[in-house]
Amino acid sequence: MELWYTEEHSPDVRFSIRVDEHLYSAKSNFQRIDIMRSDEFGVFMTLDSLMMITEKDEFIYHDMIVHVPMAVNPDVKKVLVIGGGDGGTVRELTRYESVLEIDLVEIDDMVVSACLKYLPQTAGKLHDKRVNIFYEDGLKFVRKKERYYDLIIVDSTDPFGPGEGLFTKEFYGNCYKALNDNGILVNQHESPYYKVYAESLKRANKRIRQFFPITKLYQAHIPTYPSGHWLFGFASKKLDPVADIKEDYWNSLGIKTKYYNTELHKGSFALPNYVKELTEE
Amino acid sequence: MYKFDQSKTPIYEALERYKAMRVVPFDVPGHKRGRGNSELTEFLGERCMSVDVNSMKPLDNLCHPVSVIKEAEELAADAFGAKHVFFMINGTTSAVQSMVLTACKRGEKIIMPRNVHRSAINALVISGAQPVYVNPGTNDELGIALGMSIKDVEKAILLNPDAKAVLVNNPTYYGICSPLKDIVELAHKHGMLALVDEAHGTHFYFNDNLPASAMSAGADMAAVSMHKTGGSLTQSSFLLINNDISQGYVRQIINLTQTTSGSYLLMSSLDISRKNLALNGQSIFDKVSQLAAYARDEINKIGGFYAYGRELINNDTVFDFDVTKLSVHTRSIGLAGIEVYDILRDDYDIQIEFGDIGNILAIISVGDKALAIERLISSMSEIKRLYSRDKAGMFDHEYINPLVAMTPQEAFYAPKISVPIEKSFGKICSEFVMCYPPGIPILAPGEYITKDILNYVAYAKEKGCFLTGTEDIYIERINVVSEYDSAGKSL
């Protein structure tokens, strides 16, 4: 018997992984959660049938969403992670001794409990004593904070479902308010390639630029995400992600990474022309 | 408990049976189940087009129901606790007009608050009935009109013992209820009918924790806008009758202006929605009330905004409050309601029901999710952070007591002249001027145009309210009653 997981990357394009075993399937109040095991990508999790993380390639996403802002501002002490119930972003953050407080706001507690059980590779640091987990809507949580965080990481699903509120103007405005004067906002920014993702990217980008004086996109190559070409948004009140990188300092920390390095950091902000045009429209 | 099985949907079931028969149509509508209009069918869907059909024996006839529509009406009457219910497919406007036309003939008086929807005053233009306006109470802090005080209604009744009916607007758009039961009893004591424009109160019939409904208060007729909070399609509505009102006479009145080609899409939507409300209304509106209460609390925590609720109750002009309404006073942050309404739509992709001079109203309903409520609250918090300003110089009231010179019908059909609106001071208005929504006339035909009203209109225009009602589509000119007849003779 052959069992395949298939995601439609566009109405006319499909991406499939041969599945060994379907480990977990549940419907929470917000979404359907599935965890499967495959030979090629190890254990992977999907939400509403969309790929979230795989054991084999998650390092790329989590390296890029955490180490880029951390290399720009080594003084980051208080971090808010919105989404990211799989724990991968938190795991990378816990590698910095200088980080004192990590608030994880995940709307769906079932995602966290499923990952604790089936994906210890990413969820393994969720019990670190610096981590506080809040199970609520990120939009609501951030509304109540003012000039508190040094870094906000939006590790969300796509904007078609429970993640929708995290791509809105009211969300970015409230994030701006919740950040202190050196604050940085990093978010997963969708793919520029397929039309529906590119449209969300454009809208999100336009809204972020209304609040932050410095906004730049950077890219990574993630095999299991639509088109494999994924973007992240870097928005900040003061610090420029390339000009202000503390290269020597970061390298002195000796954090061993599989994808990120400070050369790649600088290069990741160099974008293809069609992506530049997409956000300049 | 209900007398009939409320899980039945006779019109919907008849349509399903009809579809299964695969009848060859040589009747109207000419799109023939959508086949003749592929673009429209692609847009609305084949299932929708296949039940856009004409009256015929298996499907009954709205003008004279004898089978499935009659059964559906009886089920609705059972659900609403009325003697009879009419399916209305020309909007709640037609239900309000049918009430007024049933109650009074030309020259007869009807007592009503002035802050009614234009449909009620339109009915006076059509019928020639004479309004006796009761000034509603007002809340000076919020600048809004409230319900009618029982004392004011009694005064109007004693001064006009020949009036035929009292019309109550319950609840108002903002969710404010009048002392309905007392008004109904008072009207009945003086031999008058009690009519209720209940356009914003469908849900009162299906949840124990909401204000009293018109039928439970003993009213004779009520217009219920099922499409507003009941879940049916836009333009579909119910007219409820009770007590000694003649079903046959009301049907004749309805048929004076109602289409003879009643839409089965609208009728089946009423049928299915009535079933849903009867079976699930309690839990649906419990949830809606919770969502609205949560939103009110959170918006009040933002500061500046005032999302009002049951604390307004004063046992008179605010006899009760509809907690499903999310009405928010915005003037304290220096923004007119209409400005907040525009910012929410233009900047945050959030469409609310309306914004007026000092307030906004968001409709919370069966279709809402907690995540969407969070978006609204967070956007309001941002609007305060980014846009709030000094409130000096802002207009502070929605409602202006009218000075009535003649009946709406007399003024509407009188010899009239068109003048620039700023030069109309002191003249008698011959048409309507209103912001839409909420559609409550600032000026109705037959009222004096005062300085206060002209200032209000100019302010509403400046703030971006959508003004309607005048013959001149740009609202730059206004028709006033001429002081001369067509031969130039002074009137």
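Worth saying up front: this structure is predicted, and the values here are computed from it rather than measured.

Participant: Just to check I follow, could you spell out the overall build of chain A for this structure?
Facilitator: Secondary structure summary: chain A contains 10 helices and 13 strands in total. Its C-alpha atoms give chain A a radius of gyration of 18 Å, near enough to 19 Å, the size a compact globule of 281 residues would have. Restricting to contacts in chain A with at least 6 residues of sequence separation, those with at least 24 account for 67%. Taken as two groups, the 35 positive and 43 negative side-chain charges of chain A have centres that lie 5 Å from each other.

Participant: Would you explain the pattern of salt bridges in this entry?
Facilitator: Pairing is possible between side chains that carry opposite charge, provided their charged atoms lie close to one another. Going through the model one piece at a time under the given rule, you end up with 34 salt bridges over all chains. Measuring nitrogen to oxygen at the nearest pair gives 2.6 Å for the salt bridge that ties Arg143(A) to Glu298(B). Of the two residues, Arg143(A) sits in helix α5 (residues 138-143) while Glu298(B) sits in helix α11 (residues 264-302), which places them in two different chains. Like Glu298(B), Arg143(A) is buried. With a closest N to O distance of 2.8 Å, Asp322(B) and Lys325(B) form a salt bridge. Considered together, Asp322(B) and Lys325(B) belong to a single accessibility category, that of buried residues. Among the ionic contacts, a cluster of salt bridges with common partners joins Arg143(A), Lys144(A), Glu298(B), Lys301(B) and Glu374(B).

Participant: In this structure, what is going on with the sheet that holds strand β15 (residues 359-363) of chain B? I would like to understand it.
Facilitator: Strand pairs in the sheet, formed through backbone hydrogen bonds, run parallel or antiparallel to each other. Residue and element names in this part refer to chain B. Ordered in space as β11-β13-β15-β14, the four strands form an open sheet in which the pairing is antiparallel. In this open sheet, the two edge strands, each paired with only one partner strand, are β11 (306-307) and β14 (354-355). Summarising the sheet, strand β13 (residues 325-329) and β15 pair through five bridges and their orientation is antiparallel. Counted as the bridge partner of Lys 325 is Ile 363 from β15. Across the sheet, α11 lies against β11 and β13, angled at about 15° from β13, the strand it touches most.

Participant: Sorry if this is basic, but what is going on with the packing of aromatic side chains here?
Facilitator: For any pair of aromatic rings, geometry is given as the distance between the ring centres together with the angle between the planes. For the structure on display, the rule yields 25 aromatic pairs over all chains. Seen in terms of ring centroids, Trp250(A) and Tyr260(A) are 4.8 Å apart; in terms of plane orientation they differ by 75°. Their pairing is edge-to-face. Within this pair, whereas Trp250(A) is found in helix α8 (residues 247-252), its partner Tyr260(A) is found in the loop between α8 and α9 (262-267), the two being separated by 10 residues in sequence. In terms of burial, Trp250(A) and Tyr260(A) fall into one category: buried. Here the aromatic rings of Phe80(B) and Tyr205(B) are separated by 4.8 Å at their centres, their planes lie at 65°, and the arrangement is edge-to-face. Separated by 125 residues along the polypeptide, Phe80(B) in helix α4 (residues 68-80) and Tyr205(B) in the loop between β8 (193-198) and β9 (221-224) bring together distant segments of the chain. Exposure remark for Tyr205(B): the relative accessible area of 11% places this residue in the buried category. Site record: aromatic cluster; members linked through ring pairs are Tyr61(A), Tyr197(A), Tyr218(A), Tyr225(A), Trp230(A), Phe232(A), Phe234(A) and Phe269(A). Lying over the aromatic face of Tyr148(A), Lys78(A) brings its terminal NZ or CZ to 3.9 Å of the ring centre.

Participant: Honestly, the pairing of strand β3 (residues 130-134) of chain B in this entry has me stumped. Any pointers?
Facilitator: As a general feature of sheets, a regular strand has side chains that alternate between the two faces. Residue and element names in this part refer to chain B. In terms of burial, β3 is a largely internal element, four of the five residues being buried. Where strand β2 (residues 109-113) lies against β3, five bridges are found, and the strand directions are parallel. Bridge assignment links Met 112 to a residue of β3, and that residue is Tyr 133.

Participant: Which parts of the structure should I look at to understand the pairing of strand β8 (residues 101-105) of chain A?
Facilitator: All names here are of chain A. Counted residue by residue, β8 has five buried out of five residues, so it is predominantly covered. Where burial is concerned, the two faces of β8 agree: the one with Glu 101, Asp 103 and Val 105 and the one with Ile 102 and Leu 104 are both buried. In the sheet, strand β7 (residues 78-83) pairs with β8 via five bridges, with the strands oriented parallel. In the strand pairing of β8, Ile 82 is matched with Val 105. Crossover β7 to β8 through helix α2 (residues 88-93) is right-handed. The sheet contact formed by β8 and strand β9 (residues 131-134) spans four bridges and is parallel.

Participant: Before we go on, may I ask you to explain the nonpolar core in this structure?
Facilitator: Generally speaking, soluble globular proteins have nonpolar side chains that are buried together. In terms of nonpolar packing, the biggest core is built from 126 residues, with Val166(B), Phe238(B), Leu240(B) and Met380(B) touching the most fellow members. If you tally residues by element for this core, the top one is α11(B), at 14 residues.

Participant: Would you mind showing me how to read the interface of chain A and chain B here?
Facilitator: It is common to give the size of an interface as the accessible area lost on bringing the parts into contact. Each side of the interface is counted separately: chain A has 19 residues, and chain B has 17 residues. Our enumeration of links across chain A and chain B arrives at eight salt bridges. A salt bridge links Arg143(A) to Glu374(B); its shortest N-O distance comes to 2.7 Å. At the boundary of chain A with chain B, the tally comes to 11 residue pairs in polar contact (both at pLDDT 80 or more). Only α5, α6 (169-178) and α7 (195-209) of chain A provide two or more residues apiece to the side of chain A that touches chain B. The dominant element in the side of chain A that touches chain B, judged by the number of residues it contributes, is α6(A), at six residues. Residue composition of the side of chain A that touches chain B, grouped by class: five nonpolar, four polar and 10 charged.

So, how was this worked out
Residues numbered from 1 in each chain as written. Chains lettered and ligands numbered in written order. Predicted model: local features only at pLDDT ≥ 70, side-chain atom pairs only at ≥ 80, totals over all residues. Heavy atoms only, no water. Helix = DSSP H or I, 4+ residues; strand = E, 2+ residues; numbered from the N terminus. Rg over C-alpha atoms; globule rule 2.2 N^0.38 Å. Contact = heavy atoms within 4.5 Å. Lys, Arg positive; Asp, Glu negative; His and termini not counted. Charge placed at Lys NZ, Arg CZ, Asp CG, Glu CD. Salt bridge = Lys/Arg side-chain N within 4 Å of Asp/Glu carboxyl O. Buried < 20%, exposed > 50% of the residue type's maximum accessible area, 1.4 Å probe, protein only. Pairing = 2+ DSSP bridges. Axes fitted to C-alpha atoms, helices over the stretch in contact; angles between N-to-C directions. Phe/Tyr/Trp six-rings, centres within 6.5 Å; stacked < 30°, edge-to-face > 60°. Lys NZ or Arg CZ within 6 Å of the ring centre and 35° of its normal. Right-handed = clockwise from strand over helix to strand, strands pointing away. Core = buried A, V, L, I, M, F, W, Y, C linked by side-chain atoms within 4.5 Å. Polar contact = N/O pair within 3.5 Å; in protein donor to acceptor, adjacent residues only side chain to side chain. Nonpolar A, V, L, I, M, F, W, Y, C, P; charged D, E, K, R; others polar.

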